[in-house]
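Tertiary structure, described
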Amino acid sequence: MLAPDTKVAAPEHQAVHLVSVALSVIMVLAAIGWLTSNVREIAPQSRAVVLRMGSLNRVQDSGLLWALPEPFEKVELLPAAATVLERRIEGLVRSPAAETGTGAASDALAGSGFLLTADASVVQLDIRIFYKVTEPFDYVLQGSHVVPALDRLATRSAIFICASRDLDSILVARPELVDPDSGIAEKREQLRADLVRSIDESLRVLKANGAGLGIEVERADVQSSLPSQAVAAFDAVLTASQQAEQSIASARNDAEKDKQAADQAADAIVQVAEAQSSERVAKARADTATITGFIEKQGALNDPALAIRLYRDRVAKILSQAGSVVTVDPRDDARLILQGADK
């Protein structure tokens, strides 16, 4: 009677044994997987921060990482020390609802994305921050608060810098009012450096107070622009200034041409006058050559009749050109009037 029962119980025992073996194998594999869950390969562009029971244990660069399984040790992957991260400051971007005017009217919505300058103008800044992780433990400790804190620090620095500068030291808005020797171009180039310096100073203050973000800003890209409503007005002013400069340049060219023409005309008049004067002097010398020669030789010839003949010869030509001639003898009261030729 016992033999048949034993035969029936044997397959059930084998099944139970197989199940227990399978469960044991699964448990062993699960244990091995749990023990090796933090054994991983760290990529070259990353590094790992190992936290043991919540405190910093070590930082490991790229390579094979051996760490205890959770909850004993926790592994956080971070960018490598040389990796530069980029963040666009969303707090300075104008709200789409404000651009389209579809949102509810409010001062905050109307002024979103606008920064006030020192000369009471308004400017928009599109800022991208490039930073590195310099303190891995602080970065892991802050976690999801790093990016919002960076946004607030960059926004605060941008507000402070714009409030300390006029509009033309931020972007080229009114070139007609800027003195070329005022150094405005250098101030525009210095804007990025001032922004980076201000953010880094705020990060150092946080670190000194025990709330460091574990990052350092490398550089900042800033694109400045005017509000869309003001662009047309500034463009109109710039166009009018350029047209005025063109008109002034054209007037100066015309004035220079007129001056050159006047100088040429004056030179021509002077040359003609000099030529005419030379001609008249030559003619006068030719007309008086006889008299001059007579005077020079009068002492040598000593002939009184020669002067009288010469006088009679010349006086006829002179009197023929006169309309009327009145001759008066100083020794006689009688007057003789001779009619000249009609012309």
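Now for a description of the structure that goes with this document. (Residues numbered from 1 in each chain as written. Predicted model: local features only at pLDDT ≥ 70, side-chain atom pairs only at ≥ 80, totals over all residues. Heavy atoms only, no water.)

With that out of the way, let us pick up the nonpolar core. Within the largest apolar cluster, 37 residues are counted, with the highest numbers of intra-cluster contacts made by V123, L125, I127, I129, L195, I199 and I215. For this core, the element with the most residues is helix α5 (residues 146-163), which contributes eight residues. The contacts of L195, once residues within four sequence positions are left out, are I127, A154, S157, A158, I161, A220 and V222. I42, A48, V50 and V75 belong to the second largest nonpolar core, which has five residues in total. (Core = buried A, V, L, I, M, F, W, Y, C linked by side-chain atoms within 4.5 Å. Buried < 20%, exposed > 50% of the residue type's maximum accessible area, 1.4 Å probe, protein only. Helix = DSSP H or I, 4+ residues; strand = E, 2+ residues; numbered from the N terminus. Contact = heavy atoms within 4.5 Å.)

What follows is about unusual backbone geometry. In this structure, A120 takes a positive phi of about 65° despite not being glycine. Look at A120 and you get exposed, because its relative accessible area is 62%.

What follows is about helix α6 (residues 184-208). Taking 1.5 Å of rise per residue, the 25 residues of α6 would be expected to cover 36 Å, and the 35 Å separating its terminal C-alpha atoms lies within 8% of that figure. Taken as a whole, α6 carries its principal kink of about 35° at Q190. All of the buried residues along α6 are I184, R188, L191, D194, L195, V196, S198, I199, D200, S202 and L203. Those residues of α6 hidden inside the fold are in contact with β8 (122-133), α5 and β9 (215-225). Immediately downstream of α6, the backbone of G210 shows phi near 80°, a positive value. (Expected span 1.5 Å × (residues − 1). Bend = angle between axes of the 7 residues up to and from the residue.)

Shape descriptors only; they carry no functional weight alone.
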